Amino acid sequence: MAGLTDTGTTTDTTDTTDTTDTVDTTDTVDTAGPGAKAAAPAGPGTAIAPAGGAARGDIPTSPGSTTGTPAGAAARARVPAVPAAPVDITRIPEPQPLPAAERSGFTASAASQLRWLTVRHLRAMLRQPAYLAITIVQAVVWLPLFGSLFRRVVDVPGFGGGSYFDFLTPGVVVMSALFSAGWSGMNVIIEIDRGVTDRMLTLPVRRGALIGSRLVFQVLITIIQSVIIILLGWAIGARYHNGLVGPAVLLAGAALVALIVAALSYGLALIVRREEVLIAAVNFCVLPLTFLSSAIMAKELMPGWMRVVAWFNPVDWAVTAVREAGSVDPDWLSISLHLLGLTALAVLAGKFATRAFGIYHRSL
């Protein structure tokens, strides 16, 4: 019996100790920190306040309280509204006219468009060095070829004597300008077939700049060729009197011929739009214009009817003017009249090309 009593006592002591440690010591020390107040027992239905402070519902609110209103809204509500100033309809400013560039739809000047389009043509030519080389070499070959072939013609009575290279160099310069400008319309047909011209028409580009840039480009090519021929002629024996006046007039005459023929070629290309027609037209006109002038042969040795035709031939006007300017005693009145005639024809040819471009534009 004694053994059984001791065992029960030990069990009761253990239970009491465990309960006391768990409830009184462990829970109290772990839950409440130093200096914490004892929490009231929570009954059923009692709301537990958040740890950071009292619940929002416990804050007392007054009738004019702005609790829950966004920041700054109350301040804006207290700022009195400023009444709008009255508009005086009798003093409305008049509308100002738009600048000329905005009225016309062009954002760049005509000179700027002309310059950039000319640069575009030059870049396209530089991408084809073979074409540039052939164009220059072809003009250079004519001078020694014709010079060697017809050099004895100066001995024919009525020619006038002198050096045939002096006589031939101005003629070859003008003839080179004629041939080079005659084929310039082929580029127009190529761009029409590829759709480049139609795309250019959709841009705010002046129509005059489209035609003028091609003419300026052709004049630059003609001047380069003419300078090379002049230097070659001087190297093989040709002499230019009156200093730089003779070569300057020679370049001016060649440039005017290039303007006239290139404008006519462009206009014809815009009208026919076929390479075969343009090739036939150029072959039909270029060679007769050359041989019906004094470019290769003196007028005194021509038949009578050819001399009459030469009076109305613009190529002969240019050859006569530039050859007279390089003579010992030039006739400046005759030179001026021939250059004025060429200038008038250049203006008419430019109008023809512009009108042809308008016809092409309206046909789209």
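Our subject in this report is the structure included herewith.

What counts, and where the lines are drawn
- Sequence order sets the numbering: in each chain, residues are counted from 1 along the sequence as written.
- Whole-chain, interface and lining totals are the exception, using all residues; otherwise, since this is a predicted model, local features are given only for residues with pLDDT of at least 70 and side-chain atom pairs are given and counted only at 80 or more.
- Working from all heavy atoms in the structure, the side-chain values ignore hydrogens and water.
- Labels follow the DSSP assignment, with helices taken as runs of H or I lasting at least four residues and strands as runs of E lasting at least two, numbered in each case from the N terminus.
- Each residue is placed in one exposure class: buried if its accessible area under a 1.4 Å probe, protein chains only, is under 20% of its type's maximum, exposed if it is over 50%, and partly exposed if it falls in between.
- The criterion used for residue contact is that any of the two residues' heavy atoms lie within 4.5 Å.
- To be clear on the numbers: accessible area is Shrake-Rupley with a 1.4 Å probe, and residue cover counts the displayed protein chains and nothing else.
- Surface patches are defined over residues having more than 30% relative accessible area and no salt bridge, joining like charges when they lie within 9 Å and nonpolar side chains (Val, Leu, Ile, Met, Phe, Trp, Tyr) when within 5 Å.
- When a carboxyl oxygen of Asp or Glu lies within 4 Å of a side-chain nitrogen of Lys or Arg, that pair is called a salt bridge.
- For the purposes of this section, nonpolar cores are sets of buried Ala, Val, Leu, Ile, Met, Phe, Trp, Tyr and Cys residues that join through side-chain atoms within 4.5 Å.
- Angles shown run from 0 to 180 degrees and are taken between the N-to-C directions of axes, each axis being a line fitted to C-alpha atoms and, for helices, limited to the stretch in contact.
- Geometric relationships in this document are graded by angle, where less than 35 degrees denotes roughly parallel, more than 145 denotes roughly antiparallel, 65 to 115 denotes roughly perpendicular, and other angles denote oblique.
- Throughout, the ten residues Ala, Val, Leu, Ile, Met, Phe, Trp, Tyr, Cys and Pro are labelled nonpolar, Asp, Glu, Lys and Arg are labelled charged, and all others, Gly among them, are labelled polar.
- Here a crossing is called left-handed whenever its near helix is offset anticlockwise from the far helix by less than a right angle, and right-handed whenever the offset is clockwise.

Side note on the overall build of the chain
Check the secondary structure of the chain and you find 14 helices and zero strands. Of the regular secondary structure in the chain, the N- to C-terminal order runs α-α-α-α-α-α-α-α-α-α-α-α-α-α. Among the 364 residues that make up the chain, the fraction classed as buried is 33%. Across the chain, every contact between residues at least 6 apart in sequence was considered, and the portion connecting residues at least 24 apart equals 79%. For the chain, the accessible area works out to roughly 22800 Å², and carbon and sulfur atoms hold 66% of it.

Focus: a nonpolar patch on the surface
Taken together, Val 137, Val 141 and Leu 145 make up a surface patch of nonpolar side chains, about 250 Å² in accessible area. Relative to the assigned elements, Val 137 resides in helix α5 (residues 129-149). Taking the relative accessible area as the measure of exposure, Val 137 reaches 48% and is therefore partly exposed.

Here we look at the pattern of salt bridges
In total, this model carries four salt bridges according to the counting rule given. The salt bridge involving Arg 120 is made with Glu 191; its shortest N-O contact spans 3.5 Å. Taken together, the positions of Arg 120 in helix α4 (residues 110-126) and Glu 191 in helix α7 (residues 185-194) put the pair 71 residues apart, joining distant regions of the chain. Note on Glu 191: relative accessible area 15%, which makes it buried. The closest approach of N and O atoms between Glu 276 and Arg 274, which form a salt bridge, is 3.7 Å. One network of salt bridges, with partners in common, ties together Arg 120, Glu 191 and Arg 214.

Concerning unusual backbone geometry
Phi is positive for Arg 273, close to 60 degrees, though the residue is something other than glycine. In this structure, Arg 273 sits in the loop between α10 (245-272) and α11 (275-291). Owing to a relative accessible area of 30%, Arg 273 belongs among the partly exposed residues under this scheme.

A look at the nonpolar core
Among the nonpolar cores identified, the biggest contains 67 residues, and Tyr 164 and Leu 270 are the most heavily contacted of them. Examining the composition of this core, we find that 13 residues originate from one element, α10, more than from any other. Apart from the residues lying within four places of it in its own chain, the contact partners of Leu 270 are Val 188, Ile 192, Ile 211, Ala 353, Ala 356, Phe 357 and Tyr 360.

Considering the environment of Leu 345
Within the element layout of this structure, Leu 345 appears in helix α14 (residues 332-362). Using a relative accessible area of 26% as the deciding quantity, one classes Leu 345 as partly exposed. Taking the C-alpha atoms as reference points, Leu 345 and Val 261, separated by 84 residues in sequence, lie 9.8 Å from one another.

Description of the packing of α7 against α11
Contact pair α7 / α11: the axes reach a minimum separation of 10 Å and the direction vectors enclose 175 degrees. One finds that α7 runs roughly antiparallel with respect to α11. Along the contact surface, α7 presents Gly 185, Met 186, Ile 189, Ile 190 and Asp 193, while α11 presents Glu 275, Leu 278 and Ile 279. The residue inventory of the contact of α7 with α11, partitioned by class, reads five nonpolar, one polar and two charged.

Focus: the packing of helix α6 (residues 164-182) against α10
Where α6 meets α10, the axes come as close as 8 Å, and the angle between the chain directions of the two elements is 25 degrees. As judged from the angle between their axes, α6 and α10 are roughly parallel. The hand of the α6/α10 crossing is right-handed. Where α6 abuts α10, its residues Pro 170, Val 173, Val 174, Ala 177, Leu 178, Ala 181 and Gly 182 lie against Leu 250, Ala 254, Val 257, Ala 258, Val 261, Ala 262 and Ser 265. For the contact of α6 with α10, a count of residues per class yields twelve nonpolar, two polar and no charged.

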